[in-house]
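Structural overview for review
Take a look at the letters that make up each chain.
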Amino acid sequence: EFTEHVTYQEDGKIIALRGLNVRDGHLDLNQVKYIDGSNFAKLSRSKLVINDMLFTYVGTIGNVALIDENEKYYLAPNVSRIRFDESIINPKYALYIFMSQSFHRTQINKFLNSSSMKNLSMENIRKFILPIPPLSTQSRIVSILDTFEQSISNLEEQLAMREKQYEYYRNQLLTFEGEEERGKT
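Summary of the structure given here. (Residues numbered from 1 in each chain as written. Predicted model: local features only at pLDDT ≥ 70, side-chain atom pairs only at ≥ 80, totals over all residues. Heavy atoms only, no water.)

Things to note about the side chain of Asn63
- Mapped onto the elements of the fold, Asn63 is located in the loop between strand E5 (53-56) and strand E6 (64-66).
- At a separation of 3.5 Å, a polar atom in the side chain of Asn63 contacts the main-chain carbonyl oxygen of Val22.
- Beyond its immediate chain neighbours, meaning those up to four positions away, Asn63 contacts Val22, Arg23, Asp24, Leu54, Phe55 and Thr56. (Helix = DSSP H or I, 4+ residues; strand = E, 2+ residues; numbered from the N terminus. Polar contact = N/O pair within 3.5 Å; in protein donor to acceptor, adjacent residues only side chain to side chain. Contact = heavy atoms within 4.5 Å.)

Structure follows, in structure tokens:
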């Protein structure tokens with residue numbers, strides 16, 4: 001249904017999120033297709049809102065990301081949308097659960113192993129079982145994991161800066177004035 005009503009473009013404002021846009025808990029918007037000229041009246045079921053979780057279930061299976069903005073994204077084929085009842089489960093907590101090794105081992109792999117093709121059906125995705133402690137506990141877990149994630153992000157930025165600094169000094173140290181003259185002796 002989606003592809004019948006979509007016109008892909010190279011620029012615009014409205015993005016069709018595909019599997020390659022869902023990576024390691026985040027949206028990767030490096031390669032996007034815009035769908036501004038599409039028939040949105042026919043795409044209402046594909047419209048994404050804040051805190052919808054995307055889950056890749058074909059090809060690379062089990063990548064997740066949360067939607068962080070309204071009126072910007074629609075769901076392309078081969079990615080599922082999971083919308084949570086926020087009175088029961090914190091979407092960020094669910095994201096962290098879906099990213100955990102134990103969830104992949106106990107839920108995703110269980111259904112993958114029963115399939116000859118490397119994909120999950122929506123029927124099996126609906127069978128996932130999540131541990132759901134009280135919302136206050138979920139919020140505490142999210143806060144702790146967010147702090148760790150921010151620390152890692154800061155370290156990665158510092159490391160990238162140090163790498164650039166190293167390359168600069170290496171190049172400075174290995175560039176000799178008049179080296180063309182010396183090499184001709």
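Let us keep going from here.
Remarks on the pairing of E5
- Along E5, one buried face is formed by Met53 and Phe55 and the opposite face, lined by Leu54 and Thr56, is buried too.
- Both E5 and strand E8 (residues 79-82) contribute to a ladder of four bridges, which runs antiparallel. If you follow Leu54 over to E8, its bridge partner there is Arg81. (Buried < 20%, exposed > 50% of the residue type's maximum accessible area, 1.4 Å probe, protein only. Pairing = 2+ DSSP bridges.)

What to know about the sheet that holds strand E7 (residues 73-75)
- The strand order across the open sheet formed by three strands is E4-E1-E7, and the pairing between neighbours is mixed. Both outer strands of the open sheet, strand E4 (33-34) and E7, are each paired with one neighbouring strand and no more.
- Relative to E7, strand E1 (residues 15-17) runs parallel, the two being bridged by three bridges. Among the inter-strand pairings, Ala16 is bridged to a residue of E7, identified as Tyr74.

Some points on the packing of aromatic side chains
- Considering all chains together, one arrives at eight aromatic pairs under this definition.
- Taking 5.1 Å as the distance between ring centres and 80° as the angle between the ring planes, the aromatic pair formed by Phe103 and Phe128 counts as edge-to-face. Here Phe128 lies in the loop between helix H3 (122-125) and helix H4 (135-173) and Phe103 lies in helix H2 (residues 101-113), a separation of 25 residues in the sequence.
- Classification of Phe103 as buried rests on a relative accessible area of 3%.
- Taken together, a centroid distance of 6.0 Å and an interplanar angle of 45° make the contact between Phe111 and Phe128 tilted. In this pair, Phe111 sits in helix H2 while Phe128 sits in the loop between H3 and H4, placing the two residues 17 residues apart along the sequence. Residues Phe111 and Phe128 agree in their burial class; the two are buried.
- Through a chain of ring-to-ring contacts, the aromatic side chains of Phe55, Phe98, Phe103, Phe111 and Phe128 assemble into a single cluster. (Phe/Tyr/Trp six-rings, centres within 6.5 Å; stacked < 30°, edge-to-face > 60°.)

Observations regarding the pattern of salt bridges
- Counted by the stated rule, this structure contains six salt bridges.
- Between Asp52 and Arg83 there is a salt bridge, with its nearest N and O atoms 2.6 Å apart. Here Asp52, found in the loop between E4 and E5, pairs with Arg83, found in the loop between E8 and helix H1 (91-99); they are 31 residues apart in sequence, far enough to count as distant.
- Residue class for Asp52 comes out buried when judged on its relative accessible area of 1%.
- Overall, the relative accessible area of 46% leaves Arg83 in the partly exposed class. (Salt bridge = Lys/Arg side-chain N within 4 Å of Asp/Glu carboxyl O.)

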